[in-house]
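Results of the structural survey
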Amino acid sequence: MKNSPSSADGLASMSSRAVIAAALIAAAAVAVAVSRSSDSEAQTAEVHGSTKPDQPVGTVEEKIEQLELKLRREPNDPAGWRMLGWSHFELGDLMRSAAAYRRAAEIEPQNAENWSSLGEALQSASTDVSTEAAAAFERALKLDRADPRARYFLAVQKDLNGQHELAVADWVALLRDTPPGAPWEADLRRTILQVAEQHGIDVSGRMTAEPQATAATAAIPGPTPEQLAAASSIPPGQQSEMVKGMVDRLANRLKRNPKDVDGWMRLMRARMVLGETEAAREAHQAGLAAFRQDPSAKARLDRAAQDLGVPRG
């Protein structure tokens, strides 16, 4: 996904292709938080090494280099390739992400996550329907009919092909199967409503009731710190620094391109999970300033801040 949405009202006036492309980073990226964080992997992960407080922790890029070196020594480690795919995805290098997930799928073809992650990276890199992504999503669903990422993106592809009614129907079905408070629920609802409004599709009575408050548990999409350590042999004392580096990268991107409502909400979530309440408050205020002429976007930011418990400025 190269560009982020400019505003809620702007999205409503765009073509559906732009609407869905803008929604990818929000609805799909948070959807992977559940499926990528495997409980079984977390339970079996072995954390290697330790670090002293005064030891340098290095950059995110250096951590990726460590992981790549590990994979040269252990090229048949699917968890390592998934980790590399996730890392490149978070840094916006979608084709390298796809290459890593493709390798994971070659090693472990019976794992649905490998295929849906591959499809996500490929489709997020394209403004048209990716045939390789479609095949990857279909492969994922053959292995796991409930895979939310594959279901979401196959509906995206229908919408890109002009099959708006079918796309909305698929998203509504996914919403019905979505556990209340799931990290991707709010974004999925918004996608349905935006596309339905643009194409005159009646969804009244078709969607499940919206919860009173949005669960603030999504935080940063991706694996747990324990999984990061196991996959890349990073000492446990460095885990929070790697995550913080990714959050800071998001913050810097928003400084360069502040017209990204979902980006500001992700940053607020991440700051709150890291315990950086003042930084979360500043992110809220910066987002409001970026959308001072957009009441709809400001309302979304205020609602997210309230749900997350961001302190008022």
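What counts, and at which threshold
- Residues numbered from 1 in each chain as written.
- Predicted model: local features only at pLDDT ≥ 70, side-chain atom pairs only at ≥ 80, totals over all residues.
- Heavy atoms only, no water.
- Axes fitted to C-alpha atoms, helices over the stretch in contact; angles between N-to-C directions.
- Helix = DSSP H or I, 4+ residues; strand = E, 2+ residues; numbered from the N terminus.
- Parallel < 35°, antiparallel > 145°, perpendicular 65-115°, else oblique.
- Contact = heavy atoms within 4.5 Å.
- Nonpolar A, V, L, I, M, F, W, Y, C, P; charged D, E, K, R; others polar.
- Salt bridge = Lys/Arg side-chain N within 4 Å of Asp/Glu carboxyl O.
- Polar contact = N/O pair within 3.5 Å; in protein donor to acceptor, adjacent residues only side chain to side chain.
- Expected span 1.5 Å × (residues − 1).
- Buried < 20%, exposed > 50% of the residue type's maximum accessible area, 1.4 Å probe, protein only.
- pLDDT = per-residue confidence, 0-100.
- Left-handed = near helix turned anticlockwise from the far one by under 90°.
- Core = buried A, V, L, I, M, F, W, Y, C linked by side-chain atoms within 4.5 Å.

The subject of this paragraph is the packing of helix α14 (residues 261-273) against helix α15 (residues 277-290). Direction vectors running N to C along α14 and α15 enclose 170°, while the axes themselves pass 8 Å from each other. If you check the angle between α14 and α15, you find them roughly antiparallel. Of α15, the residues touching α14 (which contributes Trp264, Leu267, Met268, Arg271 and Met272) are Thr277, Ala279, Ala280, Ala283, His284, Ala286, Gly287 and Ala290. Looking at the contact of α14 with α15, its residues break down into nine nonpolar, three polar and one charged.

Oppositely charged side chains are able to pair whenever their charged atoms sit close together. Applying the stated criterion across every chain, the model contains 17 salt bridges. Three or more residues are tied together by salt bridges with common partners; here these are Asp187, Arg190, Asp262 and Arg300.

Okay, the side chain of Arg151 next. Relative to the elements of secondary structure, Arg151 occurs in helix α9 (residues 148-160). A distance of 3.0 Å separates a polar atom in the side chain of Arg151 from a polar atom in the side chain of Asp177. Setting aside chain neighbours within four positions, we find Arg151 in contact with Leu141, Arg145, Ala146, Ala173, Leu174 and Asp177.

This part is about α14. Each turn of an α-helix holds 3.6 residues, which means side chains three or four residues apart point in the same direction. When the terminal C-alpha atoms of α14 are compared, their 19 Å separation across 13 residues agrees well with the 18 Å that a helix rising 1.5 Å per residue should span. Counting buried residues along α14, 12 of its 13 residues qualify, which places the element largely inside the surrounding structure. For α14, the set of buried residues is Val261, Asp262, Gly263, Trp264, Met265, Arg266, Leu267, Met268, Arg269, Ala270, Arg271 and Met272. The N-cap residue of α14 is Asp260: its side-chain oxygen and the backbone nitrogen of Asp262 are 3.4 Å apart.

Quick look at the confidence of the model for the protein chain now. Fine structural detail should not be taken from predicted coordinates in areas where pLDDT scores are low. Model confidence for the protein chain is summarised by a mean pLDDT of 74, while 69% of its residues fall at 70 or above. Averaged over each element, pLDDT in the protein chain is lowest for helix α1 (residues 8-13) (26) and highest for helix α8 (residues 131-143) (97). In this model residues 1-58 is a low-confidence stretch, pLDDT under 50, and it forms 132 contacts with partners more than four residues away in sequence or in other chains.

For the rest of this paragraph, the subject is the packing of helix α7 (residues 112-124) against α9. Axis separation between α7 and α9 bottoms out at 9 Å; the angle between their running directions is 35°. Judged by the sense of rotation from one axis to the other, the crossing of α7 with α9 is left-handed. Contact residues: α7 offers Glu113, Ser116, Ser117, Glu120, Gln123 and Ser124, while α9 offers Arg149, Ala150, Phe153, Gln157 and Leu160. Residues of the contact of α7 with α9, tallied by class, amount to three nonpolar, five polar and three charged.

Core analysis: the biggest nonpolar cluster contains 47 residues, and Val168, Trp171, Leu188 and Ile192 have the highest contact counts within it. Elements that contribute at least two residues to this core include exactly α4 (60-73), α5 (78-90), α6 (94-107), α7, α8, α9, α10 (164-177) and α11 (185-198). In terms of residue count, α9 provides more of this core than any other element does, seven residues in total. Sequence-distant contacts of Val168, defined by excluding residues within four places in its chain, comprise Ile192, Val195, Ala196, Ile201, Val203 and Arg206. The next biggest cluster of nonpolar side chains, apart from the first, holds 22 residues, and it includes Met265, Met268, Ala283 and Leu288.

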